[in-house]
Amino acid sequence: MLNIVLFGPPGAGKGTQSEKLIARYNLTHLSTGDLFRKHISEGTPLGRKAQQYMDEGNLVPDEVVIGMVEDKLKNTSGTAGFIFDGFPRTVAQARALDKILEANGTPINLMLALSVDEAELLDRLLKRGKVSGRPDDQDPEKIKNRFAVYARETTPVAEYYQAQGKLITIEGVGGIDSIFARLTEAIEANK
Ligand code: AMP
């Protein structure tokens, strides 16, 4: 199994690079943002619970996120590994993930953290908002709140994996293919 946490602030390119990594290594994508958006579009109770938090750019409560991830892991079999995209976003989520994976004997191999400066992120997100229609990508105030939430609640997750010797930081600026080359180089050197 190859289990990777693809980490970085909103707009860092996690979704784009996940797609390419999945194709290369035959992995299963586990994006909590995508899972929530699917629940919302299907009008499930979980979707209704998540929507208010997402609309404001705040984090959905840990127990809701962890339960959803546990379900997805339980219901996926025969995969070569997972790419965790947008999860874990708090240290409590990271601890819960370690516990679940430990029980399965398939730990996280590495965290690849995409590094991109804030001005570039804001520019990318506003552009994405025009194309995707995602409400949380269209309002600069909401985007700024997501950056603040990321700085406050999510950056400690990188320290959590660093303490386990699993953190690799990757320059997330440049062409999509050159960033992908940096990611695969790091994977090949560490898998
Ligand atoms: P994303 O698609 O990863 O940018 O996520 C969109 C929104 O979904 C976030 O701004 C949060 O409101 C919510 N969300 C996604 N993943 C998580 C998570 N792991 N923990 C808490 N909230 C999340």
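As the structure is a prediction and not an experimental result, all values here were calculated from the model.

A. Quick look at the layout of surface pockets. The space that makes up the largest pocket amounts to roughly 890 Å³. Together, 39 residues line the largest pocket, and Lys 14, Arg 89, Arg 128, Arg 134 and Arg 146 are the ones closest to its centre.

B. Inspection of the pairing of strand E1 (residues 4-7) at higher detail. Of the two faces of E1, both are covered, the one formed by Ile 4 and Leu 6 as well as the one formed by Val 5 and Phe 7. In terms of strand pairing, E1 meets strand E3 (residues 82-85) through three bridges, oriented parallel. Within the sheet, the bridge partner assigned to Leu 6 lies in E3 and is Asp 85. Where E1 meets strand E4 (residues 110-115), four bridges bridge the pair, whose relative direction is parallel. Its bridge partner being in E4, Phe 7 is matched across the sheet by Ala 113.

C. The arrangement of helix H6 (residues 118-132) in detail. When the terminal C-alpha atoms of H6 are compared, their 20 Å separation across 15 residues agrees well with the 21 Å that a helix rising 1.5 Å per residue should span. Within H6, burial applies to Leu 121, Leu 125 and Gly 129. Buried residues of H6, viewed axially, fall in a sector of 70°; they line one side. Looking at H6, the residues exposed on the side facing more than 90 degrees away from the buried face are Ala 119, Lys 127, Lys 130 and Val 131. The inward-facing, buried residues of H6 contact helix H7 (140-163). Between the side-chain oxygen of the N-cap and the backbone nitrogen of Ala 119 there are 3.2 Å, and the N-cap of H6 in question is Asp 117.

D. Just the site of the ligand, in detail. The immediate surroundings of the ligand are formed by 16 residues, with Thr 32, Arg 37, Asn 58, Gly 86 and Gln 93 found nearest. Asn 58 is positioned such that a nitrogen or oxygen atom in its backbone is 2.6 Å from an oxygen atom of the ligand. Gly 86 is positioned with one of its backbone polar atoms (N or O) 3.0 Å from a nitrogen atom of the ligand. Protein contacts shield 96% of the accessible area of the ligand, which totals 480 Å² for the unbound molecule. Looking at which element gives the most residues to the shell around the ligand, the answer is helix H2 (residues 32-42), with four residues. Of the residues that constitute the shell around the ligand, the class distribution is six nonpolar, five polar and five charged.

Basis of the calculations
Residues numbered from 1 in each chain as written. Predicted model: local features only at pLDDT ≥ 70, side-chain atom pairs only at ≥ 80, totals over all residues. Heavy atoms only, no water. 1 Å grid on protein atoms, 1.4 Å probe; cavity = no way out; pocket = protein on both sides within 12 Å on 5 of 7 lines; lining within 4 Å. Points joined across faces, edges and corners; volume = space filled by probe spheres on them. Buried < 20%, exposed > 50% of the residue type's maximum accessible area, 1.4 Å probe, protein only. Helix = DSSP H or I, 4+ residues; strand = E, 2+ residues; numbered from the N terminus. Pairing = 2+ DSSP bridges. Expected span 1.5 Å × (residues − 1). Arc of directions from axis to C-beta. Contact = heavy atoms within 4.5 Å. Polar contact = N/O pair within 3.5 Å; in protein donor to acceptor, adjacent residues only side chain to side chain. Near = heavy atom within 4 Å. Areas by Shrake-Rupley, 256 points an atom, 1.4 Å probe, with all protein chains shown as cover. Nonpolar A, V, L, I, M, F, W, Y, C, P; charged D, E, K, R; others polar.

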